[in-house]
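Working through the structure, step by step
Single-letter residue listing:
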Amino acid sequence: MNRDSYNAIAPSWDAARAVFYGRERDYLETLLCGLPAGAKVLDLGCGTGRPIAEHILAAGHALTGIDQSEALLALARERFPQATWIHTRIESFSTEERFHAIVCWDALFHIDRTMHETLLRRFRAMLLPGGRMMLTCGGSEHPAFTDTMFGQPFHYDSHPPETVLEMLTGLGFEALVSEFMNLPTSGRDKGRYAVVVRKA
């Protein structure tokens, strides 16, 4: 569902997702703080590359972006040819390469929560010692649901923040940032929670 939906809304998404929202830039600076020059960064669910991959590349780092939407990746490749762009699903991606930092921003909650701990464990294995990871999860304990964006259906599912933080702690991560970006409401917004962690 999500792949076809993102392909369908690519121009609208590109226009809407050109600049940082809220404290995103601060989270990203926390992620990149102390990384060596030319650090290797993996962006899982990279979309068009704006604004997150764009900022990482501007800081002089080497970026590999992963996305399941061909239309979003086409825009990323056109704008940022210096990066490596790979068309695949996050659930299917594996590599022997190790990274200084990983981003999984507004992507994990499109995947069934039953897979989240397995994926977080896989992400940890792809990080170098001391590496950092930046991700979002849903902001509440809410069953999986479908909502619309630009008229297209999208699947959402997530553990609540406290469960995600417990998983990350259990995997040996130290939290550097953990805060709500959007508080859950009684309406459509189920909440969004930002996390930046460091691998022990």
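Turning to the overall build of the protein, a few remarks are in order. Helix and strand counts for the protein stand at seven helices and nine strands. Relative to the globule expectation of 16 Å for 200 residues, the C-alpha radius of gyration of the protein, 16 Å, shows essentially globular dimensions. Along the longest, intermediate and shortest principal axes, the C-alpha atoms of the protein span 45 × 40 × 30 Å. Counting every position in the protein, which comprises 200 residues, the buried fraction comes to 51%. With an accessible surface of roughly 8,900 Å², the protein has 52% of that area assigned to carbon and sulfur atoms. Charge separation in the protein, taken as the distance between the mean sites of 20 positive and 24 negative side-chain charges, equals 4 Å.

In this section: the pattern of salt bridges. Summed over all chains, the structure comprises 13 salt bridges. As a salt-bridge pair, Glu-97 and Lys-40 come within 3.6 Å of each other at their nearest N and O atoms. Of this pair, Glu-97 sits in the loop between strand S3 (84-87) and strand S4 (99-104) while Lys-40 sits in strand S1 (residues 40-44), and the two are 57 residues apart along the sequence. For Asp-106, the salt bridge goes to Arg-192, with nearest N and O atoms at 2.7 Å. Taken as a pair, Asp-106 in the loop between S4 and helix H6 (116-125) and Arg-192 in strand S9 (residues 192-199) lie far apart in primary sequence, 86 residues in all. When sorted by exposure, Asp-106 lands in the same class as Arg-192, which is buried. Ionic contacts of the salt-bridge type, sharing partners, join the residues Asp-14, Arg-50 and Arg-79 into one network.

Cut-offs applied
Residues numbered from 1 in each chain as written. Predicted model: local features only at pLDDT ≥ 70, side-chain atom pairs only at ≥ 80, totals over all residues. Heavy atoms only, no water. Helix = DSSP H or I, 4+ residues; strand = E, 2+ residues; numbered from the N terminus. Rg over C-alpha atoms; globule rule 2.2 N^0.38 Å. Buried < 20%, exposed > 50% of the residue type's maximum accessible area, 1.4 Å probe, protein only. Areas by Shrake-Rupley, 256 points an atom, 1.4 Å probe, with all protein chains shown as cover. Lys, Arg positive; Asp, Glu negative; His and termini not counted. Charge placed at Lys NZ, Arg CZ, Asp CG, Glu CD. Salt bridge = Lys/Arg side-chain N within 4 Å of Asp/Glu carboxyl O.

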